[in-house]
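Each chain is listed here by its residues.
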Amino acid sequence: SLPRPAPRSALPAMRLTLSLVAAGGSTQCSVVPGQIVGTSQIATKPLPDAGACCDACSANPDCVAYTFAPKTKLCFLKDNLQGNTTQDDRQSGVVPGRQPKDHWNACAGNFSTLPFCDESLPEEQRLADLVTRIQDNEIGGQLTARQSPSVPRIGLPAYYWGTNAIHGLQNVGCLKDGQCPTSFPAPCAMGATFNPQNVEDMAEILGVEERAYYNEQVHDSLDTWSPTINLNRDPRWGRNVESFGEDPLVCGLNGAAYTRGLQQEGKDKYLQAVVTLKHWMSYTVEDYHGTTRHNVDSNVSAWDMVSSYLPQWEITVKEAGAKGVMCSYNMVNGKPTCGNKELTKILREDFGFTGYITSDSDSCGDIWKSHHYVQTGEEAVRECLVSGTDIDSGSTYGQYLESAMSKGIVNKSFAATALHNSYRTRFQLGLFDFEGSKQSKYASITKEVVGSAAHQQKSLDIARQAMVLLKNDGVLPAKKGQKVAVIGSSANSTEDLLGNYNGPICPNGKYDCYPTIYQQVAAVSGGPTTLYTATDATAAAAAASTADFVVLVASNAKDGGGEGHDRDAIALAADQQAVVSAVLATGKPAVLVLVNGGIIAIDGMKDTAPAILEAFMPGVHGAQAVAETIFGDNNPGGKMPVTMYHSSYVNEVDFLDMSMVAGPGRSYKFYQGEPLFEFGYGLSYTTFELRSTQTSLSVPADGTATVAVTVGNTGSMDGDEVVFVYMTNATGGKVDTPMPTRVLVGYQRVSVKAGGSAAVKVDVPAARLALVDSKGVRKVVPGAYEFMVTRGHGDALKIPVQITGVEKVLFTLKPWWGQETEFLI
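Throughout what follows, the structure given in this document is the object of discussion. All of these numbers come straight from a predicted model, not from anything done at the bench.

Rules behind the numbers
Residues numbered from 1 in each chain as written. Predicted model: local features only at pLDDT ≥ 70, side-chain atom pairs only at ≥ 80, totals over all residues. Heavy atoms only, no water. 1 Å grid on protein atoms, 1.4 Å probe; cavity = no way out; pocket = protein on both sides within 12 Å on 5 of 7 lines; lining within 4 Å. Points joined across faces, edges and corners; volume = space filled by probe spheres on them. Helix = DSSP H or I, 4+ residues; strand = E, 2+ residues; numbered from the N terminus. Buried < 20%, exposed > 50% of the residue type's maximum accessible area, 1.4 Å probe, protein only. Contact = heavy atoms within 4.5 Å. Polar contact = N/O pair within 3.5 Å; in protein donor to acceptor, adjacent residues only side chain to side chain. Disulfide = S-S within 2.5 Å. Pairing = 2+ DSSP bridges. Axes fitted to C-alpha atoms, helices over the stretch in contact; angles between N-to-C directions. Phe/Tyr/Trp six-rings, centres within 6.5 Å; stacked < 30°, edge-to-face > 60°. Lys NZ or Arg CZ within 6 Å of the ring centre and 35° of its normal. Salt bridge = Lys/Arg side-chain N within 4 Å of Asp/Glu carboxyl O. Expected span 1.5 Å × (residues − 1).

## Digging into the layout of surface pockets
- Computed from the structure, the second largest pocket encloses a volume of approximately 730 Å³.
- Lining the second largest pocket we find 31 residues, and of these Pro 311, Ala 767, Arg 768, Ala 770 and Arg 778 sit closest to its centre.
- Among the secondary structure elements, those contributing two or more residues to the lining of the second largest pocket are helix H6 (248–263), helix H7 (302–309), helix H8 (311–320), helix H20 (667–670), strand S29 (742–752) and strand S31 (771–772).
- Among the elements that take part in the lining of the second largest pocket, H8 stands out by supplying 5 residues, more than any other.

Listed below in C-alpha cells is the structure:
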C-alpha cells in the first residue's frame, strides 16, 4: 500500500491576534504573527520595525498587507492575501479596509482593453505593446528572479520564476488540508532506470501539480528551474545527485523527456509549464580547495566541449523544444557563461533555441564581484544583457540596470529584447489570455491532484526500476520471516534517501510520513527485525551475529558533497567502513545496500559482501523498493549510469582538469583502469540472452540505422533488461582526436515474462556516430563502423555498419578564445 501524508487541520488564512499601532500613530494594522502573508511583493524597504512597515503599507495605495523580517530589518509590501505560509521569524499584518486586487491574472477588468491583452492580435504585436509600457525604473525589477514584481498601473501581476523541481516541487508548502507535492527518486536514480519515459511521466506530474498550485492561487509560478543536464564528469562533484549520469546521450534523452513531459507542447493551445535547463555550460565545480563555482575559469578544449559538454543541450533544445535555459556561475575559457554572446549564439543560432535565459543566483553579479571580469555593476549588466541573459536571478539588474542605461553603458534595446523574451514565455503559458486560458484543459486542474495516489504510485514504480543489483552470491532474494538485523547510520532515516532540492515532504515539516528502510524491511519480511544505527563496530557485529540475515546500509547522505561543496574522497566514511567490515566478518548472509548521490567506492567490500544493491537516492518510496527487492517482490533491472571507480581514483586525476582524457581518463569512454563496476552494469534475479539475425547494416550519412534484437528471458522470474547499442572504436572514419573505447548511441529498457522473449528495435541516427576533431567540428564520416549490442555484462553482439554517402558536417564550434591558448586534449 502507498502511504500518503495524513491531513492536518487547515491553518486559517490569517490569525488576527492583536493590533499594532503604527509608528506614525495614525494607522492600526491587524497583526498575523509567525506567518508570511501574500505570495509576492510590490516593494521591499529597509525599515526599523514592524510599526514602520505598517506605516509604509498604509502609505502605498496598492498595499493591502506586509511582512516584516526582524533579523534583516526588511519590510515586504503586498497587494494580495494569498498563499499564506507559516514562518516563526516573520511578522505580518493587513491594513483594515483594503481590498486585494486579483494579482494572478493579467488583462482582467479595466486592463482587458489594452492592446497587449487583445487575444485577436498576433503574439509579437502584443509583446511589442507590453514592452513599450514598461518604464525605465521598472525594467530592472521585471527582469529579476526569482520574483518579478507586479506593475499595478497596467494590471501586470507578479511572477515567480524559479520553482526548483528536479524531482518534486520545492519552492512551495504543503496545501492547507495537508496535501504535499509528489516527490520522486533523485535524478541519479532516475538515470539508473535507463527509461526516459519515467522522466517524462514524472515531469508531466510535476507540471500538473504546479498548475494546481497556480490555480489554487498559492504559488504564482509556472516556470521550473529544472532539469539539471550537466554530466557527472568526476565522482567528486558535489551535485552528482542531480545528474542523470556520465554519458551525454543519457543526459540529453532524459532532459528531452523531462521537457516534453513538463511543457506538454502541442497538447493544448498553451504550455503546461516551462523548463529551465541548467547549468549552461561546462559546469561541474562547486568548491574544491578554494576554487569555487564563483571564481573558476573552466578550461575546456574544443574537442571536449563539442563531444562531451554540448550534446545533451543540443538534444534537449532541438528534439524537445526547451523554453528556458540557466547560464552558470563559472567562466569558460576566459569568459563568464552569462556574459558570453558566442555561447548564446550556439543556443539560438545553432540549436534553434527560442526561449528565455536566466542567470543562476546572481551569477551576473559574479562577473564583477568574484570573476573581476569587469569593474562595476553597470558593466556587469552590460555583459549579461548584451550577451543575451534575459533574467537576472539576483540583485544586479535591479540595482544597476537603470543607471547603466542612463549612463549609456548599455543600450535600452537590449533590455527591450530581454523583456520580450521573458514575457513571451508567460504568453505561451496563457497568462495574458484572460478569456482564452479559461478554455484550456489546464484551467480545470484542481488541488486534488497534488500528491494523489496515482502520482505516488508512479514515484514508487520508478524507485523499483532504479534498483541496481551489483552482486549476488545466492543470498538474494532473502527468505521472508527469518530474523533480520538492519544496520547502518541511514537505516532508519527517510531523509537520507531523498537527495537534494526535496521540497515539502510531510505536512509537519518532517519526513516521518514515509517509511525508512528498517521499517519497510520489517513490514515486507514479516519476521523479527532489529535495528542498529550507531557506529560502534563491535556492537554492530554483535547485532549481526544474533540475526539470520543482515541488511547493511552504507550511505554518503551526510558526506557525499552537495551544492556549494565538492568531495575530496569518494570512499565510504571511516566509521561506516569499520561497521561494514565488522559485520561482514561475522560471515552472516548479508546484502550491502548503497545509498548515495555521487558514487561510493566500496573497494574491498566488493569482494567480502555476499550481495550488493545500489539504490542511489531512491526517494520517499525508496525504502519500500529496497525492501521489496531484497525479499524478491521486485526483480531489480536498473543499470549503473556512472562508473564506480576505486577510491584511489581521486589521487590519479586533477578534479579541476576538465579534460575527459586527463589522468587515467573519465567515464566509460576513456577510463583506462579496471573499475569496481562499469557503466551499464546491473544484474537480475532472472537470466537473459540476446539474439539477432542482423549480420550487417548500411546507413546514409543523413539517415538512421535500426538495430533489431530479441531479448529472451531464460529464467523463472519476470524481469526487465536494458539493451545498449554502442559504437566501438573499430571505425573507418578518423579524426585527430582520441577515440573512445566505445560510445553509447542508443538504448531501450524492456520487460520480458519468464520463459518469453521480446523484440527490441533501437533507432540510431547516423548523427550519433559523428566524430569530433580538435577544432570542434562534428561530422559524419562515411566508412566502416561497428555496433556492439550488450546488456551491460555478459556476451555482446557485434554488427558491422557502413555509413554511405558524402561527409556531413553537423556543427562547427566558433571559439571565443585565441587559438594560441587552445587547451590540450
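This is not the end of the story, as more comes after the structure.
## A closer look at the environment of Asn 105
- Among the structural elements, Asn 105 can be located in the loop between strand S6 (85–94) and helix H2 (123–132).
- Residue Asn 105 is classed as partly exposed on the basis of its relative accessible area, which comes to 27%.
- As a C-alpha pair, Asn 105 and Leu 431 span 326 residues in sequence and 6.6 Å in three-dimensional space.
- Those residues in contact with Asn 105, other than ones at most four positions away along the chain, are Gly 155, Pro 157 and Phe 434.

## Describing the side chain of Arg 666
- Relative to the helices and strands, Arg 666 resides in the loop between helix H19 (622–630) and H20.
- On the accessibility criterion, Arg 666 (0% relative accessible area) is buried.
- Separated by 3.0 Å, the side chains of Arg 666 and Asp 234 make a polar contact.
- A distance of 3.0 Å separates the side chain of Arg 666 from the backbone oxygen of Asp 654, its partner in a polar contact.

## Quick notes on the state of the cysteines
- Counted under the stated rule, the structure contains 8 disulfides.
- In this model Cys 174 forms its disulfide with Cys 180; the gap between the sulfur atoms is 2.0 Å. When the S-S torsion is 100°, as for the bridge of Cys 174 with Cys 180, the disulfide is right-handed.
- Overall, Cys 174 belongs to the buried group, its relative accessible area being 18%.
- Among the residues examined, Cys 180 registers a relative accessible area of 3% and is labelled buried.
- With no disulfide of its own, Cys 188 has Cys 251 as its nearest cysteine by sulfur position, at a separation of 12 Å.
- Relative accessible area serves as the criterion here: at 0%, Cys 251 is assigned to the buried category.

## What to know about the sheet that holds strand S17 (residues 356–359)
- With parallel pairing, 3 strands are arranged side by side in an open sheet as S10-S14-S17. In this open sheet, the two edge strands, each paired with only one partner strand, are strand S10 (277–280) and S17. Neighbour to neighbour, the strand axes of the sheet diverge by 30° on average, direction disregarded.
- Summarising the sheet, strand S14 (residues 324–327) and S17 pair through 4 bridges and their orientation is parallel. In the strand pairing of S17, Cys 327 is matched with Ser 359.

## What about the pairing of strand S26 (residues 697–700)?
- Burial along S26 is one-sided: Leu 697 and Val 699 are buried, while Ser 698 and Pro 700, pointing the other way, are not.
- Taken together, the 4 bridges between S26 and strand S34 (residues 797–804) define a ladder with parallel strand orientation. Residue pairing in the sheet places Val 699 in a bridge with Ile 803 of S34.

## So, unusual backbone geometry
- Arg 146 follows Ala 145 through a cis peptide bond whose omega is 15°.
- Mapped onto the elements, Arg 146 comes out in the loop between strand S7 (144–145) and strand S8 (147–148).
- Along the chain, Ser 226 connects to Pro 227 via a cis peptide bond; the corresponding omega equals 0°.
- Residue placement: Pro 227 occurs in the loop between helix H5 (196–215) and H6.
- Phi at Gln 217 is positive, roughly 55°, even though this residue is not glycine.
- Relative to the assigned elements, Gln 217 resides in the loop between H5 and H6.
- Classification of Gln 217 as partly exposed rests on a relative accessible area of 21%.

## Topic: the packing of aromatic side chains
- For the coordinates displayed, the defined rule picks out 24 aromatic pairs.
- Judged by centre distance (5.5 Å) and plane angle (75°), the rings of Trp 303 and Phe 670 are edge-to-face. With Trp 303 in helix H7 and Phe 670 in helix H20, this residue pair connects regions lying 367 residues apart in the sequence. Here the two residues Trp 303 and Phe 670 agree in accessibility, since each one is buried.
- Plain terms: the ring middles of Tyr 649 and Tyr 671 are 5.8 Å apart, the flat faces sit at 70° to each other, and that makes the pair edge-to-face. Here Tyr 649, found in the loop between H19 and H20, pairs with Tyr 671, found in the loop between H20 and strand S25 (688–691); they are 22 residues apart in sequence, far enough to count as distant.
- Three or more aromatic residues link up through ring pairs in this structure, and these residues are Phe 194, Tyr 668, Phe 679, Phe 724, Tyr 726 and Tyr 747.
- If you follow Lys 278 out to its NZ or CZ, it ends over the ring of Tyr 501, 4.6 Å from the centre.

## Brief notes about the pattern of salt bridges
- Scanning the entire structure with this criterion turns up 34 salt bridges.
- For Lys 323, the salt bridge is made with Glu 265, and the minimal N-O distance between the two is 3.3 Å. Linking Lys 323 in the loop between H8 and S14 with Glu 265 in the loop between H6 and S10, this pair joins segments that are 58 residues apart in sequence.
- Glu 265 gets classed as partly exposed once you look at its relative accessible area, which sits at 45%.
- The network of salt bridges with common partners includes Arg 239, Glu 242, Glu 286, Arg 293 and Glu 563.

## Looking at helix H14 (residues 453–465)
- The terminal C-alpha atoms of H14, which comprises 13 residues, lie 18 Å apart, in line with the 18 Å expected from a rise of 1.5 Å per residue.
- Of all the residues in H14, the buried ones are His 455, Gln 456, Ser 459, Leu 460, Ile 462, Ala 463 and Gln 465.
- In the core, the buried residues of H14 are packed alongside helix H4 (187–192), H5, H19 and S29.

## Observations concerning the sheet that holds strand S16 (residues 335–336)
- Judged by pairing direction, the sheet is mixed, and its 3 strands sit side by side in the order S13-S15-S16 without closing on themselves. A single partner strand is all that each edge strand has here, and the edge strands are strand S13 (297–298) and S16.
- Pairing of S13 with strand S15 (residues 331–332) involves 2 bridges; the strand directions are parallel. The residue of S15 that forms the bridge with Asp 297 is Met 331.

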